[in-house]
Amino acid sequence: MIVCPHCQHPAEIRTSEQQTRLVRELLLLCSNDTCGFRFVGQIVAVRTIQPSLDPHPAIALPLVIRSKPANDDAPIPANDERAPAADAEPMS
Ligand SMILES: [Zn+2]
């Protein structure tokens, strides 16, 4: 999601146009009616996580070596907290 730089509400992509093999330009509109900001943004390919199996010779993005997957967030579930052991029955 892209947020409006002014009011931080979500911005909707109205149109987009490929500029180069690495850059796509977006026309965005803030979803906050009291803001109404329209702006141009870009999506740019900047790094390689896994090389292409069908590479184009003109594309040379730096390879990023990761020790773990990019989406490795593993938040603790909100309902996974354990009660303190004080109320536990003593083991016989
Ligand atoms: Zn806005």
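One structure accompanies this document, and this report is about it. Since the model is a prediction, treat every value here as computed from it, not as a measurement.

So, how was this worked out
- Residues numbered from 1 in each chain as written.
- Predicted model: local features only at pLDDT ≥ 70, side-chain atom pairs only at ≥ 80, totals over all residues.
- Heavy atoms only, no water.
- Helix = DSSP H or I, 4+ residues; strand = E, 2+ residues; numbered from the N terminus.
- Buried < 20%, exposed > 50% of the residue type's maximum accessible area, 1.4 Å probe, protein only.
- Contact = heavy atoms within 4.5 Å.
- Salt bridge = Lys/Arg side-chain N within 4 Å of Asp/Glu carboxyl O.
- Donors = N, O, S within 2.8 Å, 3.2 Å for Na, K, Ca; no water.

**Here's the deal with the side chain of Thr-48**
Inference 1: Looking at the secondary structure, you find Thr-48 in the segment after strand S4 (38–44).
Inference 2: With relative accessibility at 17%, the residue Thr-48 sits in the buried group.
Inference 3: Excluding anything up to four places from it in sequence, Thr-48 contacts Leu-61, Pro-62, Leu-63 and Val-64.

**Quick word on the pattern of salt bridges**
Inference 1: Counted according to the given criterion, the structure contains one salt bridge.
Inference 2: When the shortest N-O distance is used, the salt bridge between Arg-14 and Glu-12 registers 3.3 Å.
Inference 3: A relative accessible area of 49% means that Arg-14 is categorised as partly exposed.

**Examining the coordination of the zinc ion**
Inference 1: The protein atoms donating to the zinc ion are Cys-4 (SG), Cys-7 (SG), Cys-30 (SG) and Cys-35 (SG), with metal-donor distances spanning 2.3 Å.
Inference 2: Summarised as a motif, the one-chain spacing of the donors to the zinc ion is C-x2-C-x22-C-x4-C. Pair noted here: Cys-4 is in the loop between strand S1 (2–3) and strand S2 (10–18) and Cys-35 is in the loop between strand S3 (23–30) and S4, with a separation of 31 residues, a long-range link.

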